[in-house]
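This is what each chain is made of:
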Amino acid sequence: MFAPLLLGAVLGGAGVYAWQWEPTAPRADGPTLAEQVDSLADDVARLDAERETLQKELDEAQARESTLREEAEKAAGEAKADAEQHATELRELRGKLDETTSQLTVAESAKETLATELATAQQDVAALRQNLAFFEQLIPVDAKKGPISIRSAELQREPDGLRFRVLVMRNGPGTGEFAGTLQFVATGTRAGESATITLEPVASAPTSSGTAKPAGGGATRLKFQQYQRVDGTLAVPTDFEPNAVTVRVLEGRTVRSEHLVGLTPKESPP
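Residues numbered from 1 in each chain as written. Predicted model: local features only at pLDDT ≥ 70, side-chain atom pairs only at ≥ 80, totals over all residues. Heavy atoms only, no water.

K.L.:
Explain the overall build of the chain residue by residue, including any values.
P.N.:
Scanning the chain for helices and strands turns up two helices and 12 strands. Reading the chain from its N terminus to its C terminus gives the helix and strand order α-α-β-β-β-β-β-β-β-β-β-β-β-β. When each of the 270 residues of the chain is scored for burial, the buried share is 23%. For the chain, long-range pairs separated by at least 24 residues make up 60% of all intrachain contacts whose partners lie at least 6 apart in sequence. (Helix = DSSP H or I, 4+ residues; strand = E, 2+ residues; numbered from the N terminus. Buried < 20%, exposed > 50% of the residue type's maximum accessible area, 1.4 Å probe, protein only. Contact = heavy atoms within 4.5 Å.)

Here it is as C-alpha coordinates:
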(Lines give C-alpha, C1' and ligand atoms only; values in the text may rest on other atoms or scores of the structure.)
Protein backbone atom coordinates (compact mmCIF):
# COMPACT_ATOMS: atom_id res chain seq x y z
CA MET A 1 0.00 0.00 0.00
CA PHE A 2 2.87 2.40 0.79
CA ALA A 3 4.93 1.50 -2.33
CA PRO A 4 2.72 3.46 -4.78
CA LEU A 5 2.79 6.48 -2.46
CA LEU A 6 6.57 6.32 -2.25
CA LEU A 7 6.82 5.99 -6.00
CA GLY A 8 4.51 8.98 -6.41
CA ALA A 9 6.62 11.06 -4.06
CA VAL A 10 9.80 10.15 -5.89
CA LEU A 11 8.31 10.89 -9.26
CA GLY A 12 6.87 14.17 -7.97
CA GLY A 13 10.25 15.28 -6.64
CA ALA A 14 11.89 14.27 -9.88
CA GLY A 15 9.32 16.30 -11.79
CA VAL A 16 10.01 19.42 -9.77
CA TYR A 17 13.74 18.95 -10.23
CA ALA A 18 13.38 18.39 -13.91
CA TRP A 19 11.13 21.44 -14.31
CA GLN A 20 13.63 23.62 -12.51
CA TRP A 21 16.62 22.39 -14.54
CA GLU A 22 14.97 21.53 -17.82
CA PRO A 23 15.99 23.74 -20.72
CA THR A 24 13.19 25.92 -22.01
CA ALA A 25 13.74 24.88 -25.59
CA PRO A 26 11.74 21.80 -26.69
CA ARG A 27 13.51 18.68 -27.87
CA ALA A 28 12.86 17.37 -31.31
CA ASP A 29 13.31 13.61 -30.45
CA GLY A 30 10.27 13.18 -28.02
CA PRO A 31 8.51 14.37 -24.87
CA THR A 32 10.49 16.22 -22.35
CA LEU A 33 11.43 14.77 -19.01
CA ALA A 34 8.81 16.92 -17.30
CA GLU A 35 6.15 15.57 -19.67
CA GLN A 36 7.25 12.04 -18.98
CA VAL A 37 7.11 12.72 -15.23
CA ASP A 38 3.60 14.17 -15.58
CA SER A 39 2.55 11.13 -17.62
CA LEU A 40 3.97 8.81 -14.99
CA ALA A 41 2.17 10.80 -12.27
CA ASP A 42 -1.09 10.41 -14.18
CA ASP A 43 -0.43 6.66 -14.49
CA VAL A 44 0.32 6.45 -10.79
CA ALA A 45 -2.90 8.30 -9.92
CA ARG A 46 -4.88 6.08 -12.28
CA LEU A 47 -3.28 2.93 -10.89
CA ASP A 48 -3.85 4.14 -7.33
CA ALA A 49 -7.54 4.73 -8.13
CA GLU A 50 -7.76 1.29 -9.70
CA ARG A 51 -5.99 -0.14 -6.67
CA GLU A 52 -8.50 1.49 -4.35
CA THR A 53 -11.36 0.16 -6.50
CA LEU A 54 -9.84 -3.31 -6.56
CA GLN A 55 -9.20 -3.15 -2.82
CA LYS A 56 -12.81 -2.19 -2.25
CA GLU A 57 -13.99 -5.04 -4.46
CA LEU A 58 -11.60 -7.38 -2.65
CA ASP A 59 -12.94 -6.28 0.72
CA GLU A 60 -16.48 -6.78 -0.51
CA ALA A 61 -15.55 -10.17 -1.95
CA GLN A 62 -13.92 -11.19 1.34
CA ALA A 63 -17.03 -10.03 3.23
CA ARG A 64 -19.22 -12.05 0.87
CA GLU A 65 -16.87 -15.01 1.24
CA SER A 66 -17.06 -14.75 5.03
CA THR A 67 -20.85 -14.55 4.88
CA LEU A 68 -21.02 -17.46 2.46
CA ARG A 69 -18.63 -19.46 4.64
CA GLU A 70 -20.77 -18.81 7.72
CA GLU A 71 -23.91 -19.72 5.79
CA ALA A 72 -22.20 -22.83 4.43
CA GLU A 73 -21.03 -23.86 7.90
CA LYS A 74 -24.52 -23.25 9.27
CA ALA A 75 -26.08 -25.21 6.39
CA ALA A 76 -23.53 -27.99 6.91
CA GLY A 77 -24.40 -28.13 10.61
CA GLU A 78 -28.10 -28.25 9.83
CA ALA A 79 -27.51 -30.88 7.16
CA LYS A 80 -25.46 -32.94 9.63
CA ALA A 81 -28.23 -32.67 12.24
CA ASP A 82 -30.82 -33.66 9.63
CA ALA A 83 -28.65 -36.57 8.54
CA GLU A 84 -28.30 -37.77 12.14
CA GLN A 85 -32.06 -37.41 12.69
CA HIS A 86 -32.77 -39.33 9.47
CA ALA A 87 -30.27 -42.01 10.53
CA THR A 88 -32.05 -42.33 13.90
CA GLU A 89 -35.44 -42.54 12.20
CA LEU A 90 -34.05 -45.11 9.76
CA ARG A 91 -32.79 -47.28 12.63
CA GLU A 92 -36.18 -47.04 14.34
CA LEU A 93 -37.97 -47.96 11.11
CA ARG A 94 -35.64 -50.92 10.57
CA GLY A 95 -36.34 -52.07 14.12
CA LYS A 96 -40.07 -51.79 13.57
CA LEU A 97 -39.74 -53.58 10.25
CA ASP A 98 -37.83 -56.45 11.88
CA GLU A 99 -40.43 -56.65 14.66
CA THR A 100 -43.30 -56.61 12.15
CA THR A 101 -41.57 -59.26 10.04
CA SER A 102 -41.16 -61.45 13.13
CA GLN A 103 -44.83 -60.97 14.07
CA LEU A 104 -45.84 -61.75 10.50
CA THR A 105 -43.86 -64.99 10.59
CA VAL A 106 -45.55 -65.99 13.85
CA ALA A 107 -48.96 -65.01 12.49
CA GLU A 108 -48.42 -67.03 9.30
CA SER A 109 -47.38 -70.05 11.35
CA ALA A 110 -50.43 -69.64 13.60
CA LYS A 111 -52.61 -69.21 10.52
CA GLU A 112 -51.32 -72.47 9.04
CA THR A 113 -51.92 -74.26 12.34
CA LEU A 114 -55.44 -72.84 12.64
CA ALA A 115 -56.15 -73.73 9.01
CA THR A 116 -55.12 -77.32 9.72
CA GLU A 117 -57.23 -77.42 12.89
CA LEU A 118 -60.16 -75.87 11.02
CA ALA A 119 -59.94 -78.45 8.26
CA THR A 120 -59.88 -81.25 10.87
CA ALA A 121 -62.81 -79.68 12.75
CA GLN A 122 -64.77 -79.32 9.52
CA GLN A 123 -64.20 -82.98 8.76
CA ASP A 124 -65.35 -83.91 12.27
CA VAL A 125 -68.43 -81.72 11.94
CA ALA A 126 -69.25 -83.25 8.57
CA ALA A 127 -68.96 -86.74 10.04
CA LEU A 128 -71.12 -85.79 13.03
CA ARG A 129 -73.73 -84.27 10.75
CA GLN A 130 -73.83 -87.42 8.67
CA ASN A 131 -74.28 -89.51 11.81
CA LEU A 132 -76.96 -87.15 13.10
CA ALA A 133 -78.82 -87.21 9.81
CA PHE A 134 -78.64 -91.00 9.77
CA PHE A 135 -79.95 -91.28 13.32
CA GLU A 136 -82.73 -88.75 12.71
CA GLN A 137 -83.94 -90.78 9.75
CA LEU A 138 -84.21 -93.83 11.99
CA ILE A 139 -86.24 -92.10 14.71
CA PRO A 140 -89.95 -92.98 14.64
CA VAL A 141 -92.28 -90.09 13.91
CA ASP A 142 -94.05 -90.22 17.28
CA ALA A 143 -90.72 -90.22 19.11
CA LYS A 144 -90.01 -86.72 17.91
CA LYS A 145 -92.80 -85.18 19.97
CA GLY A 146 -90.58 -84.57 22.99
CA PRO A 147 -87.29 -82.68 23.11
CA ILE A 148 -85.37 -85.83 24.13
CA SER A 149 -86.04 -89.38 22.96
CA ILE A 150 -84.59 -92.84 23.40
CA ARG A 151 -83.74 -93.92 19.88
CA SER A 152 -82.92 -97.50 20.76
CA ALA A 153 -82.47 -99.64 23.85
CA GLU A 154 -81.18 -103.20 23.91
CA LEU A 155 -80.80 -105.50 26.90
CA GLN A 156 -79.21 -108.89 26.85
CA ARG A 157 -78.90 -111.48 29.63
CA GLU A 158 -75.39 -112.28 30.76
CA PRO A 159 -74.08 -114.39 33.63
CA ASP A 160 -73.24 -111.31 35.73
CA GLY A 161 -76.43 -109.34 34.97
CA LEU A 162 -78.05 -107.49 32.05
CA ARG A 163 -75.91 -105.97 29.34
CA PHE A 164 -77.51 -102.78 27.98
CA ARG A 165 -76.94 -100.49 24.99
CA VAL A 166 -78.92 -97.25 24.79
CA LEU A 167 -78.93 -94.38 22.28
CA VAL A 168 -80.41 -91.07 23.50
CA MET A 169 -80.97 -88.19 21.08
CA ARG A 170 -82.17 -84.61 21.08
CA ASN A 171 -85.07 -83.95 18.71
CA GLY A 172 -84.35 -80.88 16.61
CA PRO A 173 -81.63 -78.25 16.94
CA GLY A 174 -81.59 -77.74 20.69
CA THR A 175 -79.70 -74.96 22.41
CA GLY A 176 -77.11 -75.65 25.04
CA GLU A 177 -76.09 -78.95 26.53
CA PHE A 178 -78.57 -81.48 27.91
CA ALA A 179 -77.75 -82.85 31.36
CA GLY A 180 -79.80 -85.63 32.87
CA THR A 181 -79.77 -89.23 33.99
CA LEU A 182 -80.62 -92.61 32.56
CA GLN A 183 -82.69 -94.88 34.83
CA PHE A 184 -83.58 -98.58 34.54
CA VAL A 185 -86.77 -99.88 36.24
CA ALA A 186 -87.37 -103.61 35.95
CA THR A 187 -90.57 -105.60 36.50
CA GLY A 188 -90.56 -109.32 37.25
CA THR A 189 -91.00 -111.85 40.04
CA ARG A 190 -89.37 -112.08 43.43
CA ALA A 191 -89.98 -114.96 45.77
CA GLY A 192 -92.86 -116.02 43.54
CA GLU A 193 -94.54 -112.62 43.59
CA SER A 194 -94.64 -109.71 41.15
CA ALA A 195 -92.09 -106.99 41.93
CA THR A 196 -90.72 -103.77 40.47
CA ILE A 197 -87.18 -102.68 41.32
CA THR A 198 -84.64 -100.19 40.05
CA LEU A 199 -81.55 -101.83 38.64
CA GLU A 200 -78.14 -100.33 39.44
CA PRO A 201 -75.49 -100.01 36.69
CA VAL A 202 -72.22 -101.59 37.75
CA ALA A 203 -70.15 -100.75 34.67
CA SER A 204 -70.09 -98.03 32.03
CA ALA A 205 -68.21 -97.37 28.84
CA PRO A 206 -67.13 -94.27 26.87
CA THR A 207 -69.75 -92.74 24.58
CA SER A 208 -69.55 -90.54 21.51
CA SER A 209 -69.78 -87.39 23.60
CA GLY A 210 -68.03 -88.43 26.77
CA THR A 211 -68.13 -91.11 29.41
CA ALA A 212 -71.38 -92.04 31.14
CA LYS A 213 -70.83 -92.64 34.83
CA PRO A 214 -73.14 -94.17 37.41
CA ALA A 215 -74.98 -91.46 39.34
CA GLY A 216 -76.40 -93.62 42.10
CA GLY A 217 -80.04 -94.61 42.64
CA GLY A 218 -80.09 -96.77 39.50
CA ALA A 219 -79.22 -93.83 37.24
CA THR A 220 -76.44 -93.11 34.78
CA ARG A 221 -75.43 -89.53 34.02
CA LEU A 222 -76.19 -88.07 30.58
CA LYS A 223 -74.47 -85.01 29.12
CA PHE A 224 -74.59 -84.26 25.40
CA GLN A 225 -75.40 -81.73 22.68
CA GLN A 226 -77.16 -83.90 20.10
CA TYR A 227 -76.85 -87.55 21.08
CA GLN A 228 -75.10 -89.99 23.40
CA ARG A 229 -74.53 -93.72 23.29
CA VAL A 230 -74.36 -95.53 26.62
CA ASP A 231 -73.56 -99.14 27.36
CA GLY A 232 -72.78 -101.11 30.47
CA THR A 233 -74.05 -103.83 32.78
CA LEU A 234 -76.98 -103.79 35.22
CA ALA A 235 -76.69 -105.75 38.43
CA VAL A 236 -79.64 -108.12 38.99
CA PRO A 237 -80.39 -109.50 42.46
CA THR A 238 -80.09 -113.28 42.60
CA ASP A 239 -83.67 -113.68 43.91
CA PHE A 240 -85.18 -111.45 41.21
CA GLU A 241 -86.21 -112.59 37.74
CA PRO A 242 -86.82 -109.61 35.40
CA ASN A 243 -89.12 -109.96 32.40
CA ALA A 244 -89.12 -106.30 31.20
CA VAL A 245 -87.12 -103.13 31.82
CA THR A 246 -88.34 -99.55 31.38
CA VAL A 247 -85.50 -97.23 30.34
CA ARG A 248 -86.13 -93.61 31.35
CA VAL A 249 -84.40 -90.32 30.59
CA LEU A 250 -84.76 -87.96 33.55
CA GLU A 251 -84.02 -84.24 33.70
CA GLY A 252 -84.00 -83.67 37.41
CA ARG A 253 -87.16 -85.55 38.44
CA THR A 254 -88.97 -84.99 35.16
CA VAL A 255 -89.25 -87.93 32.79
CA ARG A 256 -88.28 -86.68 29.31
CA SER A 257 -88.53 -90.05 27.55
CA GLU A 258 -88.99 -93.72 28.34
CA HIS A 259 -88.77 -96.97 26.43
CA LEU A 260 -89.97 -100.47 27.44
CA VAL A 261 -87.73 -103.43 26.61
CA GLY A 262 -89.02 -106.97 26.99
CA LEU A 263 -86.66 -109.75 28.04
CA THR A 264 -86.60 -113.30 26.79
CA PRO A 265 -87.29 -115.86 29.49
CA LYS A 266 -84.23 -117.18 31.23
CA GLU A 267 -83.19 -120.56 29.98
CA SER A 268 -83.64 -123.33 32.50
CA PRO A 269 -80.58 -125.48 33.22
CA PRO A 270 -80.73 -128.94 31.61
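Still more to cover.
K.L.:
Help me get a handle on the pairing of strand 1 (residues 148-158), residues and values and all.
P.N.:
Summarising the sheet, strand 1 and strand 2 (residues 161-170) pair through 10 bridges and their orientation is antiparallel. In the strand pairing of strand 2, Leu 155 is matched with Phe 164. Linking two consecutive strands that pair antiparallel, namely strand 1 and strand 2, is a turn of two residues. (Pairing = 2+ DSSP bridges.)

K.L.:
I'd like a description of the pattern of salt bridges, backed by residues and values.
P.N.:
Applying the stated criterion to the full structure yields 10 salt bridges. Notably, a salt bridge pairs Asp 43 with Arg 46, separated by 3.8 Å at the nearest N-O pair. Of this pair, Asp 43 and Arg 46 both sit in helix 2 (residues 33-138), three residues apart, which is roughly one turn of the helix. Take Asp 43: its relative accessible area is 30%, and that puts it in the partly exposed class. Two residues, Glu 65 and Arg 69, come together in a salt bridge whose shortest N-O distance is 3.0 Å. Of this pair, Glu 65 and Arg 69 both sit in helix 2, four residues apart, which is roughly one turn of that helix. When its relative accessible area of 42% is taken as the criterion, Glu 65 is described as partly exposed. (Salt bridge = Lys/Arg side-chain N within 4 Å of Asp/Glu carboxyl O.)

K.L.:
Tell me what's going on with the pairing of strand 3 (residues 178-190), and back it up with residues and numbers.
P.N.:
The sheet contact formed by strand 3 and strand 11 (residues 240-251) spans 10 bridges and is antiparallel. From the neighbouring strand, Thr 187 faces strand 11, where its bridge partner is Ala 244. Summarising the sheet, strand 3 and strand 4 (residues 193-198) pair through six bridges and their orientation is antiparallel. What sits directly across from Thr 187, in strand 4, is Thr 196.

K.L.:
Can you break down unusual backbone geometry residue by residue, with the values?
P.N.:
One non-glycine residue with positive phi stands out, namely Ala 191, at about 55°. Position of Ala 191 among the secondary structure elements: in the loop between strand 3 and strand 4.

K.L.:
Tell me what's going on with the environment of Pro 237, and back it up with residues and numbers.
P.N.:
As for its position among the elements, Pro 237 is in the loop between strand 10 (227-235) and strand 11. By relative accessible area, which is 29% here, Pro 237 ends up partly exposed. Measuring from C-alpha to C-alpha, the distance between Pro 237 and Asp 160 comes to 10.0 Å, with 77 residues separating the pair along the chain. Residues in contact with Pro 237, not counting those within four places in the same chain, are Arg 190, Ile 197 and Leu 199.

K.L.:
Before we move on, could you go through the environment of Arg 151 and cite the residues and values that matter?
P.N.:
Mapped onto the fold, Arg 151 is located in strand 1. In the structure, Arg 151 is positioned 18 residues away from Met 169 in sequence and 6.5 Å away in space, judged by C-alpha atoms.

Worth remembering: the numbers are spatial, not functional.
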